[in-house]
Amino acid sequence: MNLVERDRKVLWHPYTQEKTAPLPVPIVRGEGVWLYTEDGCKILDGISSWWVNIHGHSHPFLNEALTAQANELEHAMFAGFTHRPAIELAEKLVAITPKNLTRVFYSDNGSTAVEVALKMAYQFWQNRGQERKTFVALENAYHGDTFGAMAASGESNFTKPFQNLLFKVLRAKSVPSAVSDGLTRSE
Ligand SMILES: Cc1ncc(COP(=O)(O)O)c(C=O)c1O
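Here the structure is a predicted model, which means the values were calculated and not measured.

Judged by side-chain polarity, Y15, I47, W50, W51, V52, Y142 and F158 come together as a nonpolar surface patch covering roughly 850 Å² of accessible area. Considering the arrangement of structural elements, one finds Y15 in the loop between α1 (3-10) and β1 (27-31).

As structure tokens, then:
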């Protein structure tokens, strides 16, 4: 069996309607901007694999750093523990962010980062004895696929099935719809 046949037997892919989507492209290797398929095609990765590989695939410098770190310490739980790489990165981030941003909270992906931000904003007011629970969210936004992130995202086919489980938000016009409304009105 080739990779696609094996994939079809055991996998579901994100943001994919499995019955109607085209077959996934089987990738076996990456180098710089190129991805190589199982049957020998070379594909230009023009979206950096969903913006994750901005330095290119299998970058030798990054691979060397990853290997060195994994050989020294691959993971330690962060509740109650700390380690040099986490501290060093936080120091660098604090140094380049606005002066009033003095702490880093690590999250593991975009959706969870949004959840953390929503919870921090909510708890900020709770700690001041005020219950503020209304979020303002842009129309047409995309913030991820966890529940808080879906609530803060614009309505879409991806969020519609879960509408009844999402907290309500106030919708602010995003620039594209404000511009198109303006165009419509002036026409
Ligand atoms: C603006 C924005 N926020 C949040 C996310 C969600 O990130 P993740 O897919 O890592 O959960 C994305 C992902 O594309 C994004 O583009």
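With that out of the way, let us pick up the nonpolar core. A general tendency of soluble globular proteins is for nonpolar side chains to be buried together. Ranked by size, the top nonpolar core spans seven residues in total: V114, L118, F135, A137, A149, A152 and V169. Mapped by element, the contributors of at least two residues to this core are α5 (110-127), β4 (135-138) and α6 (147-152). Those residues in contact with F135, other than ones at most four positions away along the chain, are L118, A121, Y122, F167, V169 and L170.

On to the sheet that holds strand β3 (residues 42-44), then. Neighbouring strands of a sheet are bound in pairs by backbone hydrogen bonds; such pairs are parallel or else antiparallel. Strand order in the open sheet made by the three strands is β1-β2-β3, with antiparallel pairing throughout. Each having just a single partner strand, β1 and β3 make up the two edges of the open sheet. On average, each strand axis in the sheet is tilted by 30° relative to the strand beside it, whichever way the strands run. Pairing geometry for strand β2 (residues 34-37) and β3, over three bridges, is antiparallel. Bridged to W34 within β3 is L44.

Residues in close proximity to the ligand include W51, N109, G110, S111, Y142, H143 and G144, which together make up its full environment. Within the backbone of G110, a nitrogen or oxygen atom sits 2.8 Å from an oxygen atom of the ligand. In isolation the ligand has 400 Å² of accessible area, and contact with the protein removes 56% of it. Of the residues assigned to the shell around the ligand, the class counts are two nonpolar, five polar and no charged.

Our focus in this paragraph is the pairing of β1. Sheet analysis places β1 next to β2, joined by four bridges and oriented antiparallel. Its bridge partner being in β2, G30 is matched across the sheet by L35. What sits between the antiparallel neighbours β1 and β2 is a turn of two residues, in which G32 has the positive phi angle 60°.

Okay, the pattern of salt bridges next. Evaluation of the coordinates by the stated rule reveals four salt bridges. Put simply, D7 and R8 hold a salt bridge, and the shortest N to O gap is 2.8 Å. Its relative accessible area of 9% is what places D7 among the buried residues. A salt bridge links E18 to R8, with the nearest nitrogen and oxygen atoms 2.9 Å apart. With E18 in the loop between α1 and β1 and R8 in helix α1, the pair connects residues that are 10 residues apart, well separated along the chain. Here the residues in one salt-bridge network are D7, R8 and E18, joined through shared partners.

Procedures and definitions
- Residues numbered from 1 in each chain as written.
- Predicted model: local features only at pLDDT ≥ 70, side-chain atom pairs only at ≥ 80, totals over all residues.
- Heavy atoms only, no water.
- Patch = residues over 30% accessible without salt bridge, like charges linked within 9 Å, V, L, I, M, F, W, Y side chains within 5 Å.
- Areas by Shrake-Rupley, 256 points an atom, 1.4 Å probe, with all protein chains shown as cover.
- Salt bridge = Lys/Arg side-chain N within 4 Å of Asp/Glu carboxyl O.
- Helix = DSSP H or I, 4+ residues; strand = E, 2+ residues; numbered from the N terminus.
- Core = buried A, V, L, I, M, F, W, Y, C linked by side-chain atoms within 4.5 Å.
- Buried < 20%, exposed > 50% of the residue type's maximum accessible area, 1.4 Å probe, protein only.
- Contact = heavy atoms within 4.5 Å.
- Pairing = 2+ DSSP bridges.
- Axes fitted to C-alpha atoms, helices over the stretch in contact; angles between N-to-C directions.
- Near = heavy atom within 4 Å.
- Polar contact = N/O pair within 3.5 Å; in protein donor to acceptor, adjacent residues only side chain to side chain.
- Nonpolar A, V, L, I, M, F, W, Y, C, P; charged D, E, K, R; others polar.

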